Structures are given as C-alpha cells and as structure tokens.
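# A closer look at the structure
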Amino acid sequence: MVTGAGSRLDIDDFLYVGYSGTGTLDVNEGGLVTSAYGVIGADAGGTGVATVTDNGSEWLMSEGLIVGAFGDGELTISSEGYVWAPEVYIGGFDPDIIGDELEDDPMGTGTVTVTGTGSRLDVDGFLNVGYTGTGTLDVEDGGRVTSDYGAVGADVGSTGTATVTGTGSEWSVSEALVVGAFGEGHLMILPGGHVTASDVYIGGFDTDILDEEIEGIPEGVGLVTVTGEDSLLDVWEDNTLYVGYTGDGTLDVLDGGYVISQNSYIGYEEGSIGTVNVSDPNSLWTVTQGLRVGNGGDGTLNVLDGGAVTSITSHIGYQAGSIGVVNVVNGTWTNDTDLYVGVAGHGELHIFEGGQVTTDGAAYLGTSEDSLGYVRVSGEDSLWQIGGEARVG
C-alpha cells in the first residue's frame, strides 16, 4: 500500500502485481508509484489487483502497462485517481515487449475500470482491449480515458469488450479506433457515454495506419452499439467511419443513440461485410459528407421503426462486384444532394411500411453497363421524394 501525499514507490524496471500467486497494490490519498512497466496478473495462475484512488494518487509508467498477461489482472481507477502509460494491454500482450520467444501465447484475462468524475487513464500510444487474450474496459460514472489509438479485439483469437456509460464518461481517441481488428471486439456506448475518434474501423482495418508490416488480412469481427439517451459516437473533423473494412462489422444505433461521421462506408473492401441498423424514435446517424453502402464489399443499411439517417451524396453498390442494400421501414432517410442506386455494382433501395426517403438532388438507377439499380416503394404512406431529375438506366 502506498498511501498519503509524499509517499512513493519507484521501480526502475518491471513492477509485478500477482506474478505467480496473488498480489495487491493500493495507491491512495495522494500516493505515487512510478515504474518502467506494470504487470498485473503476470504468470498463468497469478492474480493481481491494483487500485489507484483519490485525488493526487498516481501510477506513472515510462514504458507500458499489462493487465492480465498470462494470468488474471484487475485495475480500478476511482475517485480522481490517475494512471499514465505510453502503451496499455488489457488481456494478453505483445511478446516483443520482453524480447524472448514464448512457448505459449499470452492468453490472460484483464479488466480495467475507470470510474467517477476526475478519474482518468491516459495512454500516449495504443490502448489494446483484448490483445491476445480477453480484455474488458469499463468507463463509467464520469470517468475519462484518452489514447492515441484504440484496438478492441486486436489479435487473432482475442476478445475485447469496452463499455462507456454514464454522464460525463468518455473515451477520446486522437487517431484511429479499431473494433474487431483480427479478433472479436464489442464497443458499447450506453446512456450518457461518449466516444470520440478520428478514423473508426469496425471489422478489420487499414494496416497502413501501423508503423510495421502486418502479415495476413485483418478479418476481425466488430460490433459497436450506441444506445440510449445522450449516447454518442463522434467521428470528428474530416475523417472516416468504416463498417466492415476487411472483416465483418456491425453498427447498431438504438433507443435514441446518436452517431455523427464524415465520409462513411458500409462494406468497404472486397470480401468485407458491413451492416448498420438505425432503429427506434430519436435514433439518428448524421453523415456530413459521402455515404457508400456496398463500396467494394457487401453493405446493408436498415433504417427502422422511427430511426433516421441524414447524408450528403450517397451511393448504393459502388464498385463492380459490390452489393449494397438499403431498407427504410417506418424510418426516414434524407439525402441532401444526389442518390445513386447501382453505380458499378448491385444496388437496392426498399421503402416499406411508411418509410420516407427524400432526395433533394437527382436520383440515378443503374449508371453503368453491368450495374443493377432497383428501387421498390410499398405500403401505405411509403414515399420517395426526388427534388431533381430521375434517370433509370
């Protein structure tokens, strides 16, 4: 226990909490811990629990933090506690850190909880939730997390879950956020929770964002759920939201959730699968630049039961071989400019059961020789309103 202002523990190398047995580290009432690395739940069978609590209490690491390497690790940051590290792994880790060949993959289980106003975790590099093992990140009740990059479900076989909930709770990512890189990732943004990021990838990612060569195609499975009052996913400035980049991605906007993004793609690369569901009254996805449903892969947009989508120029079935489908069923979709259904691929627009689609500009169906554009409007009060010209074929 490191307790009280002026109390400190300084470790030049690795600080292990629960190496092969059970270990506990408590930093409170203004205590300070510094180390090169922190490892909570190091070896298989090891269990580590660390708590950083109270204003002025800090754990600062110059190299990195691992929570659940091979064992089980828990870190709680509460009551204005503060933790800083250049890189964080929750559930497994990158073996290159220790520079040794490992006989087994580090399949540990890690949980990090940041709770309460003023409690904070700052990461200058990658925050990995489920790197090679199973990782959980909970940001609640006004807690705050910042990182340059975020990966939820990073490596093959990993599982990552991140939850941001409660008024004032936030995860802010200054560069790219990936949910389901090579593994399985789930990001839940619940009432009051906010996540802001530059580029967001759900299901695979562009490997060029890394400073190293990556073997294989990242075909991860990602799910992002934005649900409840004042829940927000904000893809800020002139950056991009990809739902299904090279993998399988799903975005659910439910029960009053709100997503705002710039250029947005559903089913980006060939072989990818992307699905976006916007459902329930007051649920809204605002696309401030272009929207493509089925860019090079398979994309589906469902606007259901009072949900709403607004976008600028939109394309359904953009590249040859792509399939894009938009279903507007008792929901609304507003295009501020032109709408293309079947550019070089296969595009379908279905407006059912009172669905309302408004295209302020022109509408184009099947714009190239091998493309297919299909629109069906069916059911009482279903409507497609076109402000400009309409071209079929």
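None of the values given here were measured: they were computed from a predicted structure.

This part takes up the overall build of the chain. When helices and strands are tallied, the chain shows zero helices and 41 strands. Relative to the 2.2 N^0.38 estimate, which gives 21 Å for 393 residues, the radius of gyration of the chain is 23 Å and therefore close to what a compact globule would have. Summarising its shape, the C-alpha atoms of the chain cover approximately 75 × 40 × 30 Å along the three principal directions. In the chain, buried positions account for 55% of the 393 residues. Carbon and sulfur atoms provide 44% of the accessible area of the chain, an area that totals close to 15,300 Å². Separation between the mean location of the 6 positive side-chain charges and that of the 61 negative ones in the chain comes to 11 Å.

Attention now moves to the side chain of Ser198. Counting through the fold element by element, Ser198 comes out in the loop between β19 (194-197) and β20 (200-202). Among the residues examined, Ser198 registers a relative accessible area of 7% and is labelled buried. In terms of polar contacts, Ser198 uses its side chain to reach the side chain of Asn239, at 3.2 Å. Apart from the residues lying within four places of it in its own chain, the contact partners of Ser198 are Val173, Ser174, Glu175, Val235, Trp236, Asn239 and Thr240.

With that settled, consider the packing of aromatic side chains. What the rule picks out here adds up to 15 aromatic pairs. For the pair Tyr265 and Tyr268, a centre-to-centre distance of 4.9 Å together with 85 degrees between the ring planes defines the contact as edge-to-face. Put simply, the rings of Tyr201, Tyr242, Tyr245, Tyr265 and Tyr268 touch in pairs and so form one group of aromatic residues. Over the ring of Tyr318 we find Arg292, and its NZ or CZ is 3.6 Å from the ring centre.

This part takes up the pattern of salt bridges. A complete count under the given rule lists four salt bridges for this structure. The salt bridge involving Arg8 is made with Asp10; its shortest N-O contact spans 2.9 Å. Note on Arg8: relative accessible area 51%, which makes it exposed. The exposure class of Asp10 is partly exposed, given its relative accessible area of 41%. For Arg144, the salt bridge is made with Glu170, and the minimal N-O distance between the two is 3.2 Å. Pair noted here: Arg144 is in strand β14 (residues 144-152) and Glu170 is in strand β16 (residues 170-173), with a separation of 26 residues, a long-range link.

Right, let's talk about unusual backbone geometry for a bit. Working note: non-glycine residues mostly have negative phi, and peptide bonds are mostly trans. Positioned with a positive phi, Asp280 is a non-glycine residue whose angle comes to about 90 degrees. One can find Asp280 in the loop between β27 (273-279) and β28 (284-287). Judged by its relative accessible area of 26%, Asp280 is partly exposed. Positive phi values are uncommon outside glycine, yet Asp305 reaches one of about 50 degrees. For Asp305, the location among the structural elements is in the loop between β30 (298-304) and β31 (308-311).

Turning our eyes to something else, we now look at the pairing of strand β23 (residues 240-243). Burial along β23 is two-sided: Thr240 and Tyr242 facing one way and Leu241 and Val243 facing the other are all buried. Bridging between β23 and strand β26 (residues 263-266) involves four bridges; their strand directions are parallel. Bridge assignment links Tyr242 to a residue of β26, and that residue is Tyr265.

To continue, consider the pairing of β28. Of the strand pairs in this sheet, strand β25 (residues 258-261) and β28 are connected by four bridges, and their pairing is parallel. Note that in β28 the partner of Tyr258 across the bridge is Leu284. Judged from the three bridges that link them, β28 and β31 form a sheet pairing that is parallel. When the sheet's bridge partners are listed, Leu284 is paired in β31 with Ala308.

With that settled, consider the environment of Gly135. Along the polypeptide, Gly135 turns up in strand β13 (residues 134-140). Here the alpha-carbon distance between Gly135 and Ile90, two residues 45 residues apart in the chain, equals 4.9 Å. In this view, Gly135 contacts Ile90, Gly91, Gly110, Val129, Gly130, Thr159, Gly160 and Thr161; residues no more than four positions away in its chain are not counted.

Another aspect to go through is the environment of Thr47. As for its position among the elements, Thr47 is in strand β6 (residues 47-53). For Thr47, a relative accessible area of 29% translates into the label partly exposed. In the structure, Thr47 is positioned 49 residues away from Asp96 in sequence and 23 Å away in space, judged by C-alpha atoms. When near neighbours in sequence (up to four residues on either side) are disregarded, Thr47 contacts Val17, Gly18, Gly21, Thr22, Gly23, Gly41 and Asp72.

Its location among the elements puts Phe93 in the loop between β10 (88-90) and β11 (109-115). With relative accessibility at 4%, the residue Phe93 sits in the buried group. As a C-alpha pair, Phe93 and Gly130 span 37 residues in sequence and 8.5 Å in three-dimensional space. With residues up to four places along the chain from it excluded, the contact list for Phe93 reads Ile66, Ala69, Phe70, Ile98, Leu102, Pro106, Tyr131 and Thr132.

By the secondary structure assignment, Thr146 is in strand β14. Every residue in contact with Thr146, bar those within four places of it in the chain, is listed here: Arg120, Leu121, Asp122, Val123 and Ser172.

Parameters at a glance
- Residues numbered from 1 in each chain as written.
- Predicted model: local features only at pLDDT ≥ 70, side-chain atom pairs only at ≥ 80, totals over all residues.
- Heavy atoms only, no water.
- Helix = DSSP H or I, 4+ residues; strand = E, 2+ residues; numbered from the N terminus.
- Rg over C-alpha atoms; globule rule 2.2 N^0.38 Å.
- Buried < 20%, exposed > 50% of the residue type's maximum accessible area, 1.4 Å probe, protein only.
- Areas by Shrake-Rupley, 256 points an atom, 1.4 Å probe, with all protein chains shown as cover.
- Lys, Arg positive; Asp, Glu negative; His and termini not counted.
- Charge placed at Lys NZ, Arg CZ, Asp CG, Glu CD.
- Polar contact = N/O pair within 3.5 Å; in protein donor to acceptor, adjacent residues only side chain to side chain.
- Contact = heavy atoms within 4.5 Å.
- Phe/Tyr/Trp six-rings, centres within 6.5 Å; stacked < 30°, edge-to-face > 60°.
- Lys NZ or Arg CZ within 6 Å of the ring centre and 35° of its normal.
- Salt bridge = Lys/Arg side-chain N within 4 Å of Asp/Glu carboxyl O.
- Pairing = 2+ DSSP bridges.

The values reported here are purely geometric and, on their own, carry no functional implication.
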